[in-house]
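Structure at a glance
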Amino acid sequence: MYAFLDAPVVRTEIRTAEMVKYVNNAFHALKVSFANEIGVICKALNIDSHAVMNIFCMDHKLNLSPTI
């Protein structure tokens, strides 16, 4: 079913897989909260938050992914 994907297959225990899912969800929530806070600060300072985040996300060594 997933043979077309170029991704590793990881086999692990169910509890480990559940924790990985929890960590992913928590990290994505953190990124959304961070972006929202930057938006609030930028709005207060009359700065284009989209420009700030676009430039911030250009650093692929510091940032794991520009996707929120």
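Structure shown above.
What comes next concerns the included structure. Since this is a predicted model, take the numbers as computed values, not measurements.

Let us now look at the state of the cysteines. Evaluation of the coordinates by the stated rule reveals 0 disulfides. Cys 42 carries a free sulfur, and the closest cysteine sulfur to it, the one in Cys 57, is 12 Å from it. With relative accessibility at 5%, the residue Cys 42 sits in the buried group.

This next bit is on helix H1 (residues 14-44). Along an α-helix, a turn takes 3.6 residues, which lines up residues three or four apart on a common side. For H1, which comprises 31 residues, the first-to-last C-alpha distance of 45 Å matches the rise-based estimate of 45 Å (1.5 Å per residue) to within 8%. Within H1, the full set of buried residues consists of Lys 31, Ala 35, Ile 38 and Cys 42. As for H1, its buried residues are in contact with helix H2 (49-56). At the exit of H1 stands Asn 46, carrying a positive phi of roughly 60°.

Another point: a nonpolar patch on the surface. Taken together, the side chains of Met 1, Tyr 2, Phe 4 and Leu 5 define a hydrophobic patch exposed on the protein surface, amounting to about 590 Å² of accessible area. The residue Phe 4 is located in the segment before H1 in this model.

The next thing to look at is the packing of H1 against H2. Interhelical geometry of H1 versus H2 gives an angle of 135° and a closest axis separation of 9 Å. By the criterion of interaxial angle, the relationship of H1 to H2 is oblique. Considering the relative orientation of H1 and H2, their crossing is right-handed. Judged by residue contacts, Phe 34, Ala 35, Ile 38, Gly 39 and Cys 42 of H1 engage Ser 49, Val 52, Met 53 and Phe 56 from H2. The residue inventory of the contact of H1 with H2, partitioned by class, reads 7 nonpolar, 2 polar and no charged.

Calculation criteria
Residues numbered from 1 in each chain as written. Predicted model: local features only at pLDDT ≥ 70, side-chain atom pairs only at ≥ 80, totals over all residues. Heavy atoms only, no water. Disulfide = S-S within 2.5 Å. Buried < 20%, exposed > 50% of the residue type's maximum accessible area, 1.4 Å probe, protein only. Helix = DSSP H or I, 4+ residues; strand = E, 2+ residues; numbered from the N terminus. Expected span 1.5 Å × (residues − 1). Contact = heavy atoms within 4.5 Å. Patch = residues over 30% accessible without salt bridge, like charges linked within 9 Å, V, L, I, M, F, W, Y side chains within 5 Å. Areas by Shrake-Rupley, 256 points an atom, 1.4 Å probe, with all protein chains shown as cover. Salt bridge = Lys/Arg side-chain N within 4 Å of Asp/Glu carboxyl O. Axes fitted to C-alpha atoms, helices over the stretch in contact; angles between N-to-C directions. Parallel < 35°, antiparallel > 145°, perpendicular 65-115°, else oblique. Left-handed = near helix turned anticlockwise from the far one by under 90°. Nonpolar A, V, L, I, M, F, W, Y, C, P; charged D, E, K, R; others polar.

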